[in-house]
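# Residue-level structural notes
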Amino acid sequence: MTYKSQAHEILNTIFGYNEFRGQQEEIIGHVANGLNAFVLMPTGGGKSLCYQIPALMRDGVAIVVSPLIALMQDQVATLSELGIEAVYLASNLEPEHVRNILIQVKEHNIKFVYVTPERVNSYRFLQLLENIPISLFAIDEAHCVSHWGHDFRPEYQKLGILATTYPHVPRIALTATADHYTRVDILHYLHLKEARAFHSSFMRNNLVYIVQEKNNAKSQLLEFLNGHIGQSGIIYCNSRNSVDKLAGFLQDNNFPALAYHAGLEPAIRENNHLKFLQNSSMIIVATVAFGLGIDKPDVRYVYHFDMPRSIDHFYQESGRAGRDDMPAFSVVSFGFKEIIELSRLIILSDSDNLKKKYELNRLKKIIAYCDSTNCRQYTLLESMSEKSAPCGRCDNCTNPPKMIDQTITVQKILATIYKVGQRFGITQIIDILRGRATINIQVWEHHRLSTFGLCSELNAKSLRRIIRQLYSRGIVDIDFTTGALKLTDKALPILRKLEDIYLPVAGKLQQRIKDVWLRSELDERLYRSLINWRHKVAVLHRVSQHAILTERSIYEIVKHKPKNTGELQKIYGIGASKLERFATDLINLVNV
Ligand code: ADP
Ligand code: ZN
């Protein structure tokens, strides 16, 4: 049997899947052949199969390095369900115990041993492995090797030892972190410079990206939720306190919202988690700790109530929407206050300067994403060095922002920052421009400046907004120890009237958050009535809404509007039983 057909057979018979996804087949062939690989694939792309199938094709046991016990337990449980022998070695096991397990590995033909990096690096463990045939080494979550990332694990850096101790055993490193510096670290520390790299696309064709400037954030959220009633979603906040408050606020407004954060009692937290997983219309309000490793397919939106901490965090978090490949939304709500807070956290942290610079760069990328007037998907993928055409779905594609010439106002702002010696914060600058005679203005005699009162026709909010846009475009900087606004090199040509500057007008929300999947009012009405019907039937039958009709089935019904049982039968997920029980109802809804 060829490698190819052998891999296919394992995919079909053991894993129960029909087709490989993306580059899986190529990667599996490569590793099964005994070659090294570096796999960069987004979360949910199917990385596990890339090492599990070659391990099953080769003789010996696969040693899989994984950073967390919870991840190992999960993998071992999944493999056991499939009838494959796998074990994991927790780090607190006595050497004697480890030895016994390894004897079992040898005698019982166990195919997978999951271990922590600490374990692999111990000389004793390598010694114990000595007379056991090894099929391959898989290094999962390989970004842990890089001190740039948030999951840095120093022990990962020593895994190069595998290359020197076992030069003939193939090694495969896998990660979903697409950052350039992280990639360089992985190839360096894991001795994989010669390995073939497999980069998957990070594009999510079913996600609609939307960004809003905060302007009464809670009512903006309600407005969005009112358009998504009966759907499951995650709302992220940056602190436990705001999670609690927001969950309460939504409950008061009759939304089925639950809170989730590390400060809740474990029993409550677990219960909320479970309810969210099992129900197709629950909303979970959570800190970003929520979501690691969750695999709920029908999350219809991820709403960042506060700005994400970095472009990488944003990609991971928004990626939890629409895992079933059906239309889903990513919404970010952001304001200047958070931008300043997040920037300040980095600048005033005790990291070294290089790391601060790196983190600031990741933050600036998410700020640029939020303030972008280009296609959001393009901007997001570009930050991961991937090129893409405009998506045609995001807010900026469907409703391009109007740009107006703001050169004169910007010149006034920049001149004021300059005239006060770049030593004053945003409030003072705004007060000067608006001509307000505050005590601070009088103390510093700022009413004598030539720009005093030059923007009196603008309110403070509009000026803040423009200054924020200047900050995110790198024209104005902030000294975080004092809060003072500074000019950058980019400010000069504008001040000298050599360059014009166009900024977007604040967008109208209502028209921006339109469900681009529902093309007409008729579609929208049908969609609503199907969702309501599904809800009623699910309550009646005491099952999850997903079990009645999946999102995909609903979208197909809206799209094709089946008028009789023959047409309904062709809809995805409508088998004989559903046809018999639901056909009358569904066809009635379509024919209304
Ligand atoms: P990752 O580690 O990249 O986040 P996983 O390996 O956990 O992703 O896979 C995500 C989900 O997709 C799992 O439920 C897995 O079983 C499933 N999956 C992987 N490959 C395929 C495939 N070829 N066909 C169908 N489902 C797949
Ligand atoms: Zn777009």
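Everything numeric in this text was worked out from a predicted model, so none of it was measured. Here the residue index of a chain counts from 1 through its sequence in written order. As they are written, the chains are lettered A onward and the ligands numbered 1 onward, keeping that order. pLDDT decides what is reported in this predicted model: residues at 70 or higher carry local features, side-chain atom pairs at 80 or more are listed and counted, and totals for whole chains, interfaces and linings draw on all residues regardless. The side-chain quantities take in all heavy atoms of the structure and omit both hydrogens and water.

## Considering the overall build of the protein
Looking only at helices and strands, the protein features 28 helices and 17 strands. Throughout, radius of gyration means the C-alpha value; the globule benchmark is 2.2 Å times the number of residues raised to the power 0.38. Taken over the C-alpha trace, the protein has a radius of gyration of 28 Å; the compact-globule value for 592 residues is 25 Å, and the two agree within 12%. Seen through its C-alpha atoms, the protein measures out along the principal axes to roughly 90 × 65 × 45 Å. Contacts are assigned to residue pairs with any non-hydrogen atoms lying within 4.5 Å of each other. A sequence separation of at least 24 residues applies to 72% of the contacts in the protein between residues at least 6 apart. Under the convention used here, Asp and Glu are negative, Lys and Arg are positive, and both His and the chain ends fall outside the count. By convention, the charge on Lys lies at NZ, on Arg at CZ, on Asp at CG and on Glu at CD. For the protein, the distance from the average site of its 70 positive side-chain charges to the average site of its 60 negative ones is 6 Å. Runs of H or I in DSSP of at least four residues are treated as helices and runs of E of at least two as strands, each being numbered from the N terminus.

## Describing helix α1 (residues 3-15)
Expected span of a helix, by definition, is 1.5 Å for each gap between consecutive residues, and there is one gap fewer than residues. Over its 13 residues, α1 extends 17 Å from the first C-alpha to the last, a length consistent with the 18 Å expected when each residue adds 1.5 Å. Looking at the buried residues of α1, the elements they touch are α2 (24-32) and α3 (48-57).

## Considerations on the coordination of the zinc ion (ligand 2)
At 2.3 to 2.4 Å from the zinc ion (ligand 2) lie its protein donor atoms, namely C375 (SG), C391 (SG), C394 (SG) and C397 (SG). Considering all 4 donor atoms around the zinc ion (ligand 2), the spread of angles at the metal, 103 to 120°, places the coordination shape in the tetrahedral class. Donor atoms are limited to N, O and S found within 2.8 Å of the metal ion, a distance that becomes 3.2 Å for Na, K and Ca. With water left out, some sites might look partial. Written as a sequence motif, the donor arrangement for the zinc ion (ligand 2) is C-x15-C-x2-C-x2-C. Only protein chains enter the accessibility calculation, which uses a 1.4 Å probe. A residue is then buried if its area is under 20% of the maximum for its type, exposed if over 50%, and partly exposed in between. On the accessibility criterion, C397 (24% relative accessible area) is partly exposed. When four donors show all angles between 85 and 135 degrees the site is tetrahedral, when four or six donors have opposite pairs over 155 degrees and all other angles between 65 and 115 it is square planar or octahedral respectively, and in every other case it is irregular.

## Structural notes on the side chain of H446
Tracing the sequence through the fold places H446 in the loop between α20 (439-443) and α21 (460-472). Residues within four places of H446 in sequence aside, it is in contact with V420, F424, Q428, I432, I441 and F452.

## What to know about the packing of helix α10 (residues 217-226) against helix α11 (residues 240-252)
Remark: α10 packs on α11, axes separated minimally by 12 Å, with the N-to-C direction vectors making an angle of 55°. Classified by the angle between their axes, α10 and α11 sit oblique to one another. In this structure, the crossing between α10 and α11 has a hand that is right-handed. Where α10 abuts α11, its residues K218, L221, L222 and L225 lie against L246, F249 and L250. Side-chain classes are defined by residue name, with Ala, Val, Leu, Ile, Met, Phe, Trp, Tyr, Cys and Pro counting as nonpolar, Asp, Glu, Lys and Arg as charged, and the others, Gly among them, as polar. Of the residues contributing to the contact of α10 with α11, the split by class is 6 nonpolar, no polar and 1 charged. With axes taken as lines fitted to C-alpha atoms, and helix axes fitted only over the stretch in contact, angles between N-to-C directions fall between 0 and 180 degrees. Roughly parallel here means an angle under 35 degrees, roughly antiparallel means over 145, roughly perpendicular means 65 to 115, and every remaining angle is called oblique. Crossing handedness is read from the near helix: turned anticlockwise from the far helix by less than a right angle, it gives a left-handed crossing, and turned clockwise, a right-handed one.

## Section: the site of ligand 1
Consider each residue's heavy atoms; a residue with any of them within 4 Å of a molecule or strand counts as near. Neighbouring ligand 1 are 14 residues; Y17, E19, G44, K47 and S48 lie closest to it. Counting of polar contacts relies on pairs of N or O atoms within 3.5 Å, with two restrictions inside protein: one atom must be capable of donating a hydrogen and the other of accepting it, and residues adjacent in sequence are counted only when both atoms are side-chain atoms. Here an oxygen atom of ligand 1 sits 2.6 Å away from a polar atom, N or O, in the main chain of G44. When ligand 1 sits alone it has 570 Å² of accessible area, and the protein chains cover 74% of it. The residue inventory of the shell around ligand 1, partitioned by class, reads 4 nonpolar, 6 polar and 4 charged. Each accessible area value is a Shrake-Rupley result obtained with a 1.4 Å probe; residue values ignore everything except the protein chains displayed when judging cover.

## A look at the packing of aromatic side chains
When the centres of two rings from Phe, Tyr and Trp lie within 6.5 Å, Trp using its six-membered ring, the rings pair. Their planes under 30 degrees apart give stacked, over 60 give edge-to-face, and anything left gives tilted. Per the counting criterion, the structure on display carries 15 aromatic pairs. With a centroid separation of 6.3 Å and 55° between ring planes, the pair formed by F336 and Y471 is classed as tilted. Residue F336 is located in helix α14 (residues 336-347), and its partner Y471 is located in helix α21; the two are separated by 135 residues in the primary sequence. In this structure F336 comes out as buried when scored by relative accessible area, which is 7%.

## Considerations on the pairing of strand β11 (residues 283-286)
Burial along β11 is two-sided: the face carrying I283 and V285 and the face carrying I284 and A286 are both buried. Pairing of strand β9 (residues 232-236) with β11 involves 4 bridges; the strand directions are parallel. Within β11, the position partnered with G233 by the bridge is I283. Across 4 bridges, the pairing between strand β10 (residues 257-260) and β11 is parallel. Bridged to A259 within β11 is V285. Here, any two strands with at least 2 DSSP bridges between them count as paired.

## A short note on the packing of α14 against helix α15 (residues 353-371)
It is the contact of α14 with α15, at a shortest axis distance of 9 Å, that shows an interaxial angle of 165°. Accordingly, the angle class assigned to the pair α14 and α15 is roughly antiparallel. Classified by chirality, the crossing of α15 by α14 is right-handed. Counted together, I339, L342, S343, I346 and I347 of α14 and K356, E359, L360, L363 and I367 of α15 form the full contact between these two elements. Of the residues belonging to the contact of α14 with α15, the class tally is 7 nonpolar, 1 polar and 2 charged.

## Points about the confidence of the model for the protein
Averaged over all residues, the pLDDT of the protein equals 90, while 97% of them reach at least 70. Values of pLDDT, which run from 0 to 100, indicate the predictor's confidence residue by residue. Every residue in residues 510-514 scores below 50 in pLDDT, and together they form 14 contacts with partners more than four places removed in sequence or on other chains.

## A closer look at α21
Look at α21: 18 Å from first C-alpha to last across 13 residues, which is about the 18 Å you get at 1.5 Å a residue. Among all positions in α21, only L463, R465, I466, I467, R468, Q469, L470, Y471 and S472 are buried. Phi turns positive one or two residues past the end of α21, at G474, with a value near 70°.

## Here we look at unusual backbone geometry
Of note in this structure, N254 is not a glycine but carries a positive phi near 65°. One can find N254 in the loop between α11 and β10. The class of N254 is exposed, set by a relative accessible area of 71%. With a phi close to 55°, E445 is a non-glycine residue in the positive phi region. Mapped onto the secondary structure, E445 falls in the loop between α20 and α21.

## Quick notes on the sheet that holds strand β8 (residues 207-213)
Reading across the sheet, the 6 strands line up as β8-β13-β12-β9-β11-β10 and stay open at both edges, with parallel pairing between neighbours. Both edges of this open sheet fall to β8 and β10, since each of them pairs with a single strand only. For this sheet, the mean angle separating the axes of adjacent strands, direction not counted, is 15°. Strand direction decides the pairing type here: strand β12 (residues 299-304) and strand β13 (residues 328-334), joined by 4 bridges, are parallel. Looking at β13, one finds that V302 is bridged to S330.

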